[in-house]
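Read off the chains here:
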Amino acid sequence: MSRLLMSGNEAVARGAWEAGVKVGVGYPGTPSTEVLENLVKYEDVYCEWAPNEKVAAEVAVGVSVGGARTLVTMKHVGLNVAADPLFTLAYIGVGGGYVLLVADDPGMHSSQNEQDSRNYAAFAKVPMLEPSNSQEALAFTRAAFGISEEFDIPVLVRTTTRVAHSKSLVERGERDSQPLLPPYAPRVGKWVMMPGNARVRRVDLEQRTERLRAFSNDCEFNRIEMRDPSLGIIVSGIAYEYVREALPEASVLKVGMVNPLPEKLIVEFASKVERLAVVEELDPYMSLRLKALGLSLVETGLPVIGELSPDRIAQAFGAPVRETRDAITDLPPRPPLLCAGCPHRGVYWALGKLKATVMGDIGCYTLGALPPLSAMDSCVCMGASVGMAHGLGLAGTAERPVVGVIGDSTFAHSGITGVLDMVYNGGTGTVVILDNRTTAMTGHQGNPVSGKTISGAEAPMLDLETLVKALGVPWVRTVDPLDMHATLAVLTEATQTGAMSVVIAKSPCVLLVKRDDQQPFAIDEDLCTACGACVRLGCPAIMKAASGHPIIDTASCVGCEQCVQVCRFEAIVSVGPACDFGGGL
Ligand SMILES: Cc1ncc(C[n+]2csc(CCOP(=O)(O)OP(=O)(O)O)c2C)c(N)n1
């Protein structure tokens, strides 16, 4: 046994490996991404990124049907995409153990919404385990495979950002020898969910759920910790750690299996304490179920929005709050910006010139919505840009041109069907695919467009132009967005064709490019008129100075020359060794 400091994500990967998992598959999304990125490092495990979470979940169903253990990973909104297979997977059950790791993001550190995936467990009628720290992340994931096989059901493991990304000590075990499961065999009654078979499996699911209910009461992951009986708290996930810190004397029922809840254990715990409370992040998932059991709960007034903290919990129960320094509030604001040299910038500059109404999507390029670019008008969910651009065109009320912008990974995830819809229904809008050759926002994962697998191997590179033409789009062009004027010209033409058009803005993410040969630029104050055109690009290397003239931070400038192209006064010049500005830079 060896102990190691591990993040929750590393520990989930370890738990899956120890359980003898054969295949890991997922789609990136913070805070879940590092699970698969760590699992792929282990020997004897095959991993892959799927184009989206639904495909990932389905690949894993195939692995499980084939009798091998499999882990699927995604963030909370990914589970919306994977929900379709999940719900019917509960009916068919599993062959090899099937575990789906879903990572929620209370507080929306890097998400477009807050969701409490515990609701999915109850809704889809599948068990869910919820670890509070890295050790549990390992142990629960490992055990989840056994539960999956014993109860013939997929098992969800839910983490939240604080569990996924914080590190704590973990005792590691050895890898189970590959469990001997029956290999694939056709089983029509189990794998073919047509109504006649589904009705049979529906009854079976209810029976499996009953057995799981009994299991939950005896499950070692649900435990009573009796201390002062005057206050008893029922808690799960990271909130358990907060309760222990804020209310060390309180008795606790720590729930590790949140679906089905250990109802008998809960009633037993309630009978042992004078006052009973539930502490939970996000939805009143346990509170509502406990009230349905007839238990009366102390109203804590804890919020249903955002993250909890030890202090919030201490305050809610009138316990001492730690003395902390007041946060400094007069710091200058630092809004997130596209990187210096980001190729997305050229597209937004051009769309701004066209005064386009832009339906946006999710990725680094969402930052185009912020000032000074202010060139994107919506962001809902992955793939929404295309359908929304079509719909807004149908509404006929928006300033034209109407354009949808979508990243390459997002296009492969869920943009293709939107384009198909526009073609099929005679849409006339423009779609811009921001092809930066990677899934940049979540940390440069490979995708079908980049032609790199999760293990770094070469893969077939999706030819976007050929694909879009094959979908039936009549007008398709590829342009380098670092060439700003060419981009403006192509977008101008695209939005005036009168037919549906697709522009592929192709240039690699600046963080992928080694620019040894590039020289930074600087402002020649003698030529600069302080017109602000370069500042309006929102490049983090360009700052406004008290003198009125902008300054280029040569340490941040990557020499992409986008600012050079928008300067009408040729006042932005290369700072090479031969360049002498008399020390005025
Ligand atoms: C359903 C869903 N899955 C995953 C995510 C996490 N996520 C946000 S943007 C993104 C992909 C961004 O890549 P790309 O479209 O290529 O744009 P880039 O960041 O490279 O500009 C991912 C995976 C999400 N928000 N929603």
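Since this is a predicted model, take the numbers as computed values, not measurements.

### Description of unusual backbone geometry
Link 1 in the chain: Residue Pro260 is reached from Asn259 by a cis peptide bond, and omega for that bond is -10°.
Link 2 in the chain: Tracing the backbone through its elements, the reader meets Pro260 in the loop between strand E12 (257–259) and helix H11 (263–272).
Link 3 in the chain: Phi angles above zero are rare outside glycine, and Asp44 is one such case at about 70°.
Link 4 in the chain: Mapped onto the elements of the fold, Asp44 is located in the loop between helix H2 (34–39) and strand E3 (46–49).
Link 5 in the chain: Accessibility expressed as a relative area gives 59% for Asp44, which makes it exposed.

### A closer look at the nonpolar core
Link 1 in the chain: Among the nonpolar cores identified, the biggest contains 80 residues, and Leu39, Leu71, Tyr98 and Ile234 are the most heavily contacted of them.
Link 2 in the chain: If you look at the next biggest cluster of nonpolar residues, it comprises 60 residues, including Ala350, Val386, Leu464 and Cys539.

### Quick look at the site of the ligand
Link 1 in the chain: Neighbouring the ligand are 26 residues; Glu53, His344, Cys364, Asp408 and Thr410 lie closest to it.
Link 2 in the chain: Between the ligand and Met441 there is a distance of 2.9 Å, counted from an oxygen atom to a backbone nitrogen or oxygen.
Link 3 in the chain: The protein chains hide 97% of the 590 Å² of surface that the ligand would expose on its own.
Link 4 in the chain: Of all elements in the fold, only helix H4 (76–92) and helix H16 (408–414) reach the threshold of two or more residues within the shell around the ligand.
Link 5 in the chain: Looking at side-chain class alone, the shell around the ligand contains 10 nonpolar, 13 polar and 3 charged residues.

### Points about helix H1 (residues 8–18)
Link 1 in the chain: The buried fraction of H1 is high, at 10 of 11 residues.
Link 2 in the chain: Of the positions making up H1, those classed as buried are Gly8, Asn9, Ala11, Val12, Ala13, Arg14, Gly15, Ala16, Trp17 and Glu18.

### Description of the sheet that holds strand E7 (residues 155–160)
To summarise the sheet geometry, strands pair through backbone hydrogen bonds and adopt either a parallel or an antiparallel arrangement.
Link 1 in the chain: Reading across the sheet, the 7 strands line up as E3-E2-E4-E5-E7-E6-E12 and stay open at both edges, with mixed pairing between neighbours. Looking at strand neighbours, the two that pair on one side only are E3 and E12, the edges of this open sheet.
Link 2 in the chain: Note that strand E4 (residues 70–75) and strand E5 (residues 98–104) share 6 bridges and pair parallel. Across the sheet, the residue bridging to Thr73 is Leu101, located in E5.

### Some words on the environment of Pro320
Link 1 in the chain: Here Pro320 lies in the loop between helix H13 (310–316) and helix H14 (344–353).
Link 2 in the chain: Sequence separation between Pro320 and His165 is 155 residues; the distance between their C-alpha atoms is 28 Å.

### Overview of the packing of aromatic side chains
Link 1 in the chain: Considering all chains together, one arrives at 5 aromatic pairs under this definition.
Link 2 in the chain: Relative to Tyr120, the ring of Phe87 has its centre 6.4 Å away and its plane inclined at 80°; by these criteria the two rings are edge-to-face. Pair noted here: Phe87 is in helix H4 and Tyr120 is in helix H5 (residues 118–124), with a separation of 33 residues, a long-range link.
Link 3 in the chain: Here Tyr120 falls in the buried class, since its relative accessible area comes to 16%.
Link 4 in the chain: Through a chain of ring-to-ring contacts, the aromatic side chains of Phe87, Tyr120 and Phe123 assemble into a single cluster.
Link 5 in the chain: Positioned above the aromatic ring of Tyr240, the side-chain terminus of Lys254 is 5.1 Å from the ring centre.
Link 6 in the chain: Arg477 extends its terminal NZ or CZ atom over the ring of Trp475, reaching a point 4.1 Å from the ring centre.

### A short note on the pattern of salt bridges
Link 1 in the chain: A complete count under the given rule lists 30 salt bridges for this structure.
Link 2 in the chain: A salt bridge links Arg201 to Asp152; the nearest nitrogen and oxygen atoms lie 3.0 Å apart. Of this pair, Arg201 sits in helix H9 (residues 195–218) while Asp152 sits in the loop between helix H6 (134–151) and E7; the two residues are 49 residues apart in sequence, bridging distant segments of the chain. You'll find Arg201 and Asp152 in the same group, each marked buried.
Link 3 in the chain: A salt bridge links Asp204 to Arg208; the nearest nitrogen and oxygen atoms lie 2.8 Å apart. Placement of the pair is Asp204 and Arg208 together in helix H9, with a separation of 4 residues, close to one helical turn.
Link 4 in the chain: Taking relative accessible area as the criterion, Asp204 reaches 24% and is therefore assigned partly exposed.
Link 5 in the chain: On the accessibility criterion, Arg208 (3% relative accessible area) is buried.
Link 6 in the chain: Via salt bridges that share partners, Asp104, Asp116, Arg118, Glu130, Arg158 and Glu280 belong to a single interconnected network.

### Remarks on the sheet that holds strand E14 (residues 357–359)
Link 1 in the chain: Across the sheet, 5 strands lie side by side as E14-E15-E16-E18-E17; this open sheet has parallel pairing. Edge positions in the sheet fall to E14 and strand E17 (475–479), since each of these pairs with one other strand and no more. Each neighbouring strand pair of the sheet contributes to a mean axis angle of 20°, computed without reference to strand direction.
Link 2 in the chain: Strand direction decides the pairing type here: strand E16 (residues 430–435) and strand E18 (residues 501–506), joined by 6 bridges, are parallel.

### Side note on a nonpolar patch on the surface
Link 1 in the chain: On the surface, a nonpolar cluster with roughly 260 Å² of combined accessible area is contributed by Val188, Val192 and Met194.
Link 2 in the chain: Mapped onto the elements of the fold, Val188 is located in helix H8 (residues 188–191).
Link 3 in the chain: Judged by relative accessible area, which is 54%, Val188 ranks as exposed.

### Remarks on a positive patch on the surface
Link 1 in the chain: A surface patch of positive charge is lined by Lys353, Lys355, Arg536 and Arg568.
Link 2 in the chain: With respect to the element layout, Arg568 can be found in the loop between helix H20 (562–566) and strand E22 (572–574).
Link 3 in the chain: Under the relative-accessibility criterion, Arg568 is labelled exposed at 67%.

### Overview of the confidence of the model for the protein
Link 1 in the chain: Of all residues in the protein, 97% have pLDDT values of 70 or greater, and the mean over the chain is 95.
Link 2 in the chain: Contacts from residues 577–585, a stretch scored under 50 in pLDDT, to residues over four places away or in other chains number 8 contacts.

### Regarding the packing of H6 against H9
In helix packing, the relevant descriptors are the interaxial angle and the interaxial distance, both defined with respect to the helix axes.
Link 1 in the chain: Taken N-terminus to C-terminus, the directions of H6 and H9 make an angle of 140°; their axes are 10 Å apart at the nearest point. Taken together, the axes of H6 and H9 lie oblique to each other. The hand of the H6/H9 crossing is right-handed. Along the contact surface, H6 presents Ile147, Glu150 and Phe151, while H9 presents Arg208, Arg211, Leu212 and Phe215.
Link 2 in the chain: For the contact of H6 with H9, the class distribution of residues is 4 nonpolar, no polar and 3 charged.

The rules behind the values
Residues numbered from 1 in each chain as written. Predicted model: local features only at pLDDT ≥ 70, side-chain atom pairs only at ≥ 80, totals over all residues. Heavy atoms only, no water. Helix = DSSP H or I, 4+ residues; strand = E, 2+ residues; numbered from the N terminus. Buried < 20%, exposed > 50% of the residue type's maximum accessible area, 1.4 Å probe, protein only. Core = buried A, V, L, I, M, F, W, Y, C linked by side-chain atoms within 4.5 Å. Near = heavy atom within 4 Å. Polar contact = N/O pair within 3.5 Å; in protein donor to acceptor, adjacent residues only side chain to side chain. Areas by Shrake-Rupley, 256 points an atom, 1.4 Å probe, with all protein chains shown as cover. Nonpolar A, V, L, I, M, F, W, Y, C, P; charged D, E, K, R; others polar. Pairing = 2+ DSSP bridges. Phe/Tyr/Trp six-rings, centres within 6.5 Å; stacked < 30°, edge-to-face > 60°. Lys NZ or Arg CZ within 6 Å of the ring centre and 35° of its normal. Salt bridge = Lys/Arg side-chain N within 4 Å of Asp/Glu carboxyl O. Axes fitted to C-alpha atoms, helices over the stretch in contact; angles between N-to-C directions. Patch = residues over 30% accessible without salt bridge, like charges linked within 9 Å, V, L, I, M, F, W, Y side chains within 5 Å. Lys, Arg positive; Asp, Glu negative; His and termini not counted. Charge placed at Lys NZ, Arg CZ, Asp CG, Glu CD. pLDDT = per-residue confidence, 0-100. Contact = heavy atoms within 4.5 Å. Parallel < 35°, antiparallel > 145°, perpendicular 65-115°, else oblique. Left-handed = near helix turned anticlockwise from the far one by under 90°.

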